[in-house]
Amino acid sequence: MMVSNQFKTTLLIGLTMPMSLFILGVYNGVMQTLYRSGVLHQHATAGINYYQGLTMHGVINAIVLTTFFAVVFGHYTITNYLKKEPSKWSYMLSMILMVIGSAIDLVVMVLGKASALYTFYAPLQASALFYIGTAMLIIGSWIAFAGWVKIWFEWKKENPSLHMPIAILGTFVNFTMWFMASIPVIYELLVLLTPWALGLTNQVNVPMTRTLFWMFGHPLVYFWILPAYVGYYTMLPKIAGGKLYSGNAARLALLLFLILSTPVGVHHQFSEGGIAPSIKLWVSILTFGVSIPSFMTAFTVGASLEYAGRKRGAKGLFQWMSRLPWLRADNYLFGYFICGLILFIFGGLSGIVNGSYTLNQLVHNTGWVPGHFHMTVAGPSILFILGLTLFMYQHLSGKPMTSKFTVTIIPYLWTVGVSLLSHGLMAGGLMGEPRRTNMGLTYTNPESPLYNSHWVPSSTVTMVGGLIMGTAALLYFISFFKMLCNKAVELPTISMPESEELHNEREIPLLLNMKPWIILAVILIGSTYIPSFKNVFKYGKPVESKYHM
Ligand code: HAS
Ligand code: CU
């Protein structure tokens with residue numbers, strides 16, 4: 001479908017700005033591996049110290065890029081399926097807030113005034129501007145969502161007999177969950193942290209800020225991955241040459257995320273003294289529950305891929321895998337999808353280890369945790385972002401993508417890098433190697449009390465993985481910015497592969513109505529957070545405490 005110039009320009013800004021910042025985010029990621037492996041000894045390189053670089057890496061890659069992408073992909077998907085552009089007020093205001101908010105965050109991080117990590121809870125303190133900038137980014141994304149809801153109701157009025165397409169259900173589930181989960185973090189940012197950073201109060205309730213953060217922080221990880229799930233269900237079967245195995249299973253999996261994503265945040269606080277073991281046990285059970293929609297996705301998407309392979313004549317149990325369109329320059333998106341899925345098998349399984357209350361004691365705060373999340377957020381989430389950014393930019397700008405071969409091999413190279421990086425981090429973590437620690441000063445210094453010879457090989461594997469990821473990212477930036485410099489040869493459009501469903505399934509009214517699921521989500525959130533906050537108020541109180549890195 002054709003789009004207005006203003007809408008097109010807004011979306012292109014929403015793709016280009018975070019992708020440019022991503023260069024800095026990736027650079028700081030590679031630097032992490034050099035510090036940790038002991039290749040770099042100094043406290044700061046190019047004026048950026050360890051915690052400043054780690055903050056930039058997390059904030060740019062995991063908060064700024066992902067939020068911009070979710071919003072642009074949402075605009076793109078909604079417009080494609082409803083054949084309507086969102087209102088100008090919503091996309092313009094949302095993009096202005098997001099761009100200004102991220103620019104503020106960038107400036108304070110570069111100046112070294114906001115090295116409080118991407119988890120930004122107290123007692124690490126950032127500049128008040130960082131808290132305000134982050135709040136602007138989040139509120140900006142809410143405004144885009146409001147615009148989609150408005151055109152959805154208009155569309156529904158015009159098409160009363162049609163159901164919400166799966167891609168729109170996925171986008172609405174994601175943003176409803178995001179909206180509910182980001183209210184606590186906006187409260188934390190604007191009511192607790194900003195006055196504390198401004199010096200209006202010198203006291204802060206540390207467990208309270210942590211609990212509010214994780215109430216947002218866990219749904220945040222599903223906010224990163226749900227756009228990819230939308231793609232796996234609605235685009236991948238078509239790209240692979242098949243059909244979606246079950247539309248009802250896809251709808252159910254997406255709706256399960258709506259109810260189970262937010263109540264499980266306490267699984268990041270299993271080691272937090274002030275929260276009762278009974279709540280943690282309940283959260284551990286719910287965490288196994290939130291793995292179910294991903295297991296369902298593995299089945300539905302796996303079956304859709306098998307169908308595609310068999311349609312190409314595959315026989316036996318496994319031949320379908322080799323019949324999939326691997327490494328085809330005329331179908332480069334497939335690599336970004338399949339590599340993400342393969343990494344996620346291991347990312348998901350390591351998550352289930354984390355979610356087990358007792359096993360968590362072994363891995364918490366070790367390298368295992370970043371090992372886990374690089375196979376999730378740096379796996380399916382980022383690969384989807386990379387692939388779809390190329391795809392959407394190409395369609396929205398009408399510019400040709402000339403580096404077809406390079407963009408086809410990038411996801412495979414990236415996957416080799418992530419596998420080595422995560423393996424090194426997890427192996428080191430199981431041997432007690434801490435996360436978020438500048439290890440470089442200890443590895444090459446056997447005199448240091450922190451020196452542990454067992455961590456040397458694992459951190460070296462991590463570094464090799466990091467360098468391969470850095471190379472893949474560099475090739476990506478070259479390809480992306482080369483496309484930007486090309487002249488438009490086609491008219492800007494919005495279009496995307498749309499998968500058909502394999503079976504003509506029975507309609508299940510409960511899967512076509514989000515309301516009961518939203519109510520259940522609120523009840524489940526209450527079941528963990530009412531007792532958690534009671535504990536936090538009972539055992540935690542505001543204290544004078546702040547640290548700067
Ligand atoms: Fe996690 C920590 C538990 C999923 C990200 N996680 C983190 C952190 C991040 C993160 C960033 O319970 C660190 C936060 C920090 O800085 O402290 N996580 C889980 C569980 C899941 C999970 C149970 N995490 C994710 C996703 C993320 C993410 C998704 C980002 C996108 N995580 C935890 C816990 C912690 C944690 C604890 C706290 C640890 C601590 O102590 O600090 C589940 O949702 C995972 C379910 C997934 C599956 C996999 C399904 C497989 C699929 C692929 C199928 C493949 C096919 C291809 C079809 C069960 C869908 C086949 C074709 C061929 C050709 C082979
Ligand atoms: Cu989590």
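For clarity, every value in this text was computed on a predicted model and none was experimentally measured. Residue indices follow the written sequence of each chain, beginning from 1 at its first position. Both sets of labels track the order of writing: A upward for chains, 1 upward for ligands. Where local features are concerned, this predicted model is filtered to residues with pLDDT of at least 70; where side-chain atom pairs are given and counted, the filter is 80 or more; whole-chain, interface and lining totals use all residues. With hydrogens and water excluded, all non-hydrogen atoms of the structure serve as input to the side-chain values.

## Describing the confidence of the model for the chain
Working step 1: Values of pLDDT, the confidence the predictor places in each residue, fall between 0 and 100. Looking at the chain, pLDDT values average 96 and 99% of them are 70 or higher.
Working step 2: Under the prediction, the complex receives an ipTM of 0.99, its pTM being 0.98.

## Things to note about the pattern of salt bridges
Working step 1: Whenever a carboxyl oxygen of Asp or Glu lies within 4 Å of a side-chain nitrogen of Lys or Arg, that contact is scored as a salt bridge. A full pass over the atoms with the stated rule returns six salt bridges.
Working step 2: The closest approach of N and O atoms between lysine 84 and glutamate 158, which form a salt bridge, is 3.0 Å. Taken as a pair, lysine 84 in the loop between helix 2 (50–82) and helix 3 (88–110) and glutamate 158 in helix 4 (residues 128–158) lie far apart in primary sequence, 74 residues in all.
Working step 3: Partly exposed residues are those whose accessible area sits between 20% and 50% of the maximum for their type, while under 20% is buried and over 50% is exposed, using a 1.4 Å probe and protein chains only. Under the relative-accessibility criterion, lysine 84 is labelled buried at 17%.
Working step 4: The exposure class assigned to glutamate 158 is exposed, which follows from its relative accessible area of 51%.
Working step 5: Between lysine 243 and glutamate 500 there is a salt bridge, and its shortest N-O distance comes to 3.6 Å. Helix numbering and strand numbering both begin at the N terminus, where a helix is a DSSP run of H or I of at least 4 residues and a strand a DSSP run of E of at least 2.

## Some words on the coordination of the iron atom of ligand 1
Working step 1: Just one protein atom coordinates the iron atom of ligand 1, and that atom is His372 (NE2), at 2.2 Å.
Working step 2: With water omitted from the atoms examined, metal sites may look incomplete; donors here are N, O and S atoms no farther than 2.8 Å from the metal, or 3.2 Å in the case of Na, K and Ca. Metal-to-metal, the separation of the iron atom of ligand 1 and the copper ion (ligand 2) is 4.5 Å.
Working step 3: Counting through the fold element by element, histidine 372 comes out in helix 13 (residues 368–374).

## Comments concerning the packing of aromatic side chains
For any pair of aromatic rings, geometry is given as the distance between the ring centres together with the angle between the planes.
Working step 1: Between 30 and 60 degrees the pair is tilted, below 30 it is stacked and above 60 it is edge-to-face, where a pair is any two Phe, Tyr or Trp rings, Trp via its six-membered ring, whose centres lie within 6.5 Å. This model, assessed by the stated rule, comprises 40 aromatic pairs.
Working step 2: Residues tyrosine 35 and tyrosine 50 carry aromatic rings whose centres are separated by 5.8 Å and whose planes lie at 75 degrees to one another, so their mutual orientation is edge-to-face. Of this pair, tyrosine 35 sits in helix 1 (residues 5–36) while tyrosine 50 sits in helix 2, and the two are 15 residues apart along the sequence. Each of the two residues, tyrosine 35 as well as tyrosine 50, counts as buried.
Working step 3: When the centroid spacing of 5.8 Å and the interplanar angle of 40 degrees are considered together, the rings of tyrosine 529 and phenylalanine 533 count as tilted. Of this pair, tyrosine 529 and phenylalanine 533 both sit in helix 18 (residues 515–539), four residues apart, which is roughly one turn of that helix. For the pair tyrosine 529 and phenylalanine 533, one class covers both residues: buried.
Working step 4: Between the NZ or CZ atom of arginine 210 and the centre of the ring of tyrosine 121, over which it lies, the distance is 5.8 Å. We count a charge as sitting over a ring when the NZ of a lysine or the CZ of an arginine lies within 6 Å of the ring centre and within 35 degrees of the ring normal.

## With respect to helix 6 (residues 206–234)
Working step 1: With 29 residues, helix 6 should reach 42 Å at 1.5 Å per residue; the first-to-last C-alpha distance of 42 Å fits that figure.
Working step 2: Across the 29 residues of helix 6, 26 count as buried, placing the element largely inside the fold. By this rule the span expected of a helix is its residue count minus one, scaled by 1.5 Å.

## Looking at a nonpolar patch on the surface
Working step 1: Only residues whose relative accessible area exceeds 30% and that form no salt bridge are eligible for patches; like-charged ones are grouped when within 9 Å, while nonpolar side chains (Val, Leu, Ile, Met, Phe, Trp, Tyr) are grouped when within 5 Å. Every accessible area reported is derived by Shrake-Rupley at a probe size of 1.4 Å, with residue values counting cover from the shown protein chains alone. Together, Phe295, Trp326, Leu327, Ile342, Ile345, Phe346 and Leu349 make up a nonpolar patch on the protein surface, roughly 690 Å² of accessible area in all.
Working step 2: It is helix 11 (residues 333–355) that contributes the most residues to the nonpolar patch, four residues altogether.
Working step 3: Tracing the backbone shows isoleucine 345 in helix 11.
Working step 4: A relative accessible area of 48% places isoleucine 345 in the partly exposed class.

## Focus on the coordination of the copper ion (ligand 2)
Reference values for angles at a metal are 109.5 degrees in the four-donor tetrahedral case and 90 or 180 degrees in the six-donor octahedral case.
Working step 1: Around the copper ion (ligand 2), the protein supplies His218 (ND1), His267 (NE2) and His268 (NE2) as donor atoms, at distances of 1.8 to 2.1 Å.
Working step 2: You can call histidine 218 buried: its relative accessible area is 5%.
Working step 3: What makes histidine 268 partly exposed here is its relative accessible area of 27%.

## What to know about the site of ligand 1
Working step 1: Put simply, a residue is near a molecule or strand once any heavy atom of it comes within 4 Å of that molecule or strand. Not every one of the 33 residues close to ligand 1 is listed here, only the nearest: Tyr118, Tyr222, His364, His372 and Arg435.
Working step 2: Here a polar contact means two N or O atoms within 3.5 Å. Within protein one must be a hydrogen donor candidate and the other an acceptor candidate, and residues neighboring in sequence count only if both atoms are side-chain atoms. Between tyrosine 118 and ligand 1, the recorded distance is 2.7 Å, taken from a side-chain N or O atom to an oxygen atom.
Working step 3: Within the side chain of arginine 435, one N or O atom sits 2.7 Å away from an oxygen atom of ligand 1.
Working step 4: Going through the elements one at a time, helix 6, helix 9 (277–311), helix 11, helix 13 and helix 14 (377–397) are the ones with two or more residues in the shell around ligand 1.
Working step 5: For the shell around ligand 1, the element with the highest residue contribution is helix 11, accounting for eight residues.
Working step 6: Ten residue types, Ala, Val, Leu, Ile, Met, Phe, Trp, Tyr, Cys and Pro, are classed as nonpolar, four, Asp, Glu, Lys and Arg, as charged, and the remainder, Gly among them, as polar. The residue inventory of the shell around ligand 1, partitioned by class, reads 16 nonpolar, 15 polar and two charged.

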